Amino acid sequence: MKQQHITVFGSFVVDLMSRAPHLPVPGETVKGSVFRIGPGGKGFNQGVAAKKAGADVTMVTKIRRDTFGNIALNTMKELDMDASHVFFSEKSETGAALIMVDEATSQNAIMVTLGACSEITKENVDSVEEVVKNSGYLLTQLETNVDAVERVVDMAHRYGVTVVFNTAPVQPISDELLRKVDIITPNEVEAEILTGIQVDSEENAQKAAEYFFGKGVKTVVITLGKRGVFVSTKQKHGILPVPKVDVLDTTGAGDAFNGALVASLAEGKDIWEACGFANAAASISVTRMGTTPSMPVRGEIDKFLSEHK
């Protein structure tokens, strides 16, 4: 089967990451051990993850022509990514995320300022209609202005493009938007917030899936961290476990999962095999520091899968 094109529509922000023995509480200053600056943003991370996993990707985002914006353009050039649909703001700076990582637990706290990618206009969206129309998949999230997400999802749905919708960062979602979603990929916390059902068992995960099915979603994929991923279609459901790895930094693991998931689907794999592939990509990413830089290349994912059958 010929590989289908993927449009990733979402945010770019520069990650400013520091690691410390513990996360500060309000009013506390903690001495950090490591500082890194690099490309990030949920949309951009997922686009890079898909590209490095072997997919044919067009990234759609918005930045400013500033120092942080250059990080996006330079990264795309290094990875040979299509940058012809990156928009430029004249009003707002390129977004930034302040990331604090606890060295003891690998957990993180993030404050993100979206900047330019929070002002994607309807004219911006309409200008990518041909790209979306000729794609097999649209992958998007909620880290840009929601009206832009709604417009591009409507466009993809109109042309029969498969819509993969990652519900991060979580916020209310209209029934009209959910009705056009083919595959929804919340994590367990987002699923609980959106459905009101605590995803603490496979039974309750299926109840959450039924909620989404009732809204018109066709396939539900709930990431469960170290417990694996819950997959539910109208035919069957179950949990795919993940191998145990030495976790260094969980930042960006969900993005690694989503990008690799769509890359695998675009190759013609079914949702179960694609989720196994995505689990492998996420597992590799958490053994490394950072977000975009932690995304594994295809050979690494294939090797991981062969070693963890």
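Refer to the structure above for everything that follows.
We now turn to the structure provided with this report. Note that the structure is a prediction, hence the values are computed from the model and not measured.

What counts, and where the lines are drawn
Residues numbered from 1 in each chain as written. Predicted model: local features only at pLDDT ≥ 70, side-chain atom pairs only at ≥ 80, totals over all residues. Heavy atoms only, no water. Helix = DSSP H or I, 4+ residues; strand = E, 2+ residues; numbered from the N terminus. Rg over C-alpha atoms; globule rule 2.2 N^0.38 Å. Buried < 20%, exposed > 50% of the residue type's maximum accessible area, 1.4 Å probe, protein only. Pairing = 2+ DSSP bridges. Core = buried A, V, L, I, M, F, W, Y, C linked by side-chain atoms within 4.5 Å. Contact = heavy atoms within 4.5 Å. Axes fitted to C-alpha atoms, helices over the stretch in contact; angles between N-to-C directions. Salt bridge = Lys/Arg side-chain N within 4 Å of Asp/Glu carboxyl O. Polar contact = N/O pair within 3.5 Å; in protein donor to acceptor, adjacent residues only side chain to side chain. Phe/Tyr/Trp six-rings, centres within 6.5 Å; stacked < 30°, edge-to-face > 60°. Lys NZ or Arg CZ within 6 Å of the ring centre and 35° of its normal.

## Topic: the overall build of the chain
Counting its secondary structure elements, the chain contains 11 helices and 13 strands. Since a compact globule built from 309 residues should have a radius of gyration of about 19 Å, the 18 Å found for the chain is in line with a globular shape. Its C-alpha atoms put the chain at 50 × 45 × 40 Å along the principal axes. Of all 309 residues assigned to the chain, the portion counted as buried reaches 53%.

## Some points on the pairing of strand β1 (residues 6-9)
Residues of β1 alternate between two faces, with Ile-6 and Val-8 on one and Thr-7 and Phe-9 on the opposite face, all of them buried. Looking at chain direction, β1 and strand β8 (residues 137-140) are connected through 4 bridges and run parallel. Counterpart to Phe-9 in the pairing with β8 is Thr-140.

## Some details on the environment of Pro-296
Mapped onto the fold, Pro-296 is located in the loop between α10 (271-285) and α11 (298-307). Measuring from C-alpha to C-alpha, the distance between Pro-296 and Phe-165 comes to 22 Å, with 131 residues separating the pair along the chain.

## Concerning the nonpolar core
Ranked by size, the top nonpolar core spans 46 residues in total, and within it Ile-6, Val-221, Phe-257, Leu-261, Ile-271 and Cys-275 carry the most contacts. No other element matches α10, which puts 10 residues into this core. Grouped together as the second largest cluster of nonpolar side chains are 36 residues, Ile-120, Val-152, Leu-177 and Val-220 included.

## Notes on the sheet that holds strand β9 (residues 162-165)
Pairing is mixed across the open sheet formed by 9 strands, whose spatial order is β5-β4-β1-β8-β9-β10-β11-β12-β13. Two strands close off the open sheet at either side, each with one partner strand: β5 (86-88) and β13 (237-240). Relative to strand β12 (residues 229-232), strand β11 (residues 219-223) is paired through 4 bridges, and the arrangement is antiparallel. Across the sheet, Val-221 pairs through a bridge with Val-231, a residue of β12. Those strands touched by helix α9 (residues 253-266) are β1, β8, β9, β10 (183-184), β11 and β12, and its axis lies near 175° from that of β8.

## Some remarks on the environment of Asp-302
Here Asp-302 lies in helix α11. Residues Asp-302 and Ala-168, 134 residues apart in the sequence, show an inter-C-alpha distance of 27 Å.

## Topic: the pattern of salt bridges
Applying the stated criterion across every chain, the model contains 14 salt bridges. Among the salt bridges present, the one from Asp-154 reaches Lys-180, with a minimum N-O distance of 2.8 Å. Note that Asp-154 is positioned in helix α5 (residues 146-158) and Lys-180 in the loop between α6 (175-178) and β10, a separation of 26 residues in sequence. Given a relative accessible area of 28%, Asp-154 falls into the partly exposed group. The shortest N-O distance in the salt bridge between Glu-267 and Lys-269 comes to 3.5 Å. Via salt bridges that share partners, Glu-129, Asp-154, Arg-158, Glu-176, Arg-179 and Lys-180 belong to a single interconnected network.

## Side note on the side chain of Ser-106
Tracing the backbone through its elements, the reader meets Ser-106 in the loop between β6 (94-102) and β7 (108-115). Residue Ser-106 is classed as buried on the basis of its relative accessible area, which comes to 5%. Here Leu-248 takes part through its backbone oxygen, which lies 3.0 Å from a polar atom of the side chain of Ser-106. The residues touching Ser-106, leaving out its near neighbours within four places in the chain, are Val-101, Val-247, Leu-248, Asp-249 and Thr-250.

## What about helix α1 (residues 42-52)?
α1 sits mainly inside the fold: 9 of its 11 residues count as buried. Within the sequence span of α1, burial applies to Gly-43, Phe-44, Asn-45, Gln-46, Gly-47, Val-48, Ala-49, Ala-50 and Lys-52. A positive backbone phi angle near 110° is found at Gly-54, which sits one or two residues after α1.

## Some points on the packing of aromatic side chains
By the definition in use, this model includes 2 aromatic pairs. Ring centres of Phe-12 and Phe-44 lie 4.8 Å apart, and the angle between their planes is 80°; on these two criteria the pair is classed as edge-to-face. Linking Phe-12 in the loop between β1 and β2 (13-20) with Phe-44 in helix α1, this pair joins segments that are 32 residues apart in sequence. Classification of Phe-12 by relative accessible area gives buried; the value is 0%. Its end group placed over the ring of Phe-88, Arg-65 keeps NZ or CZ at 3.7 Å from the ring centre.

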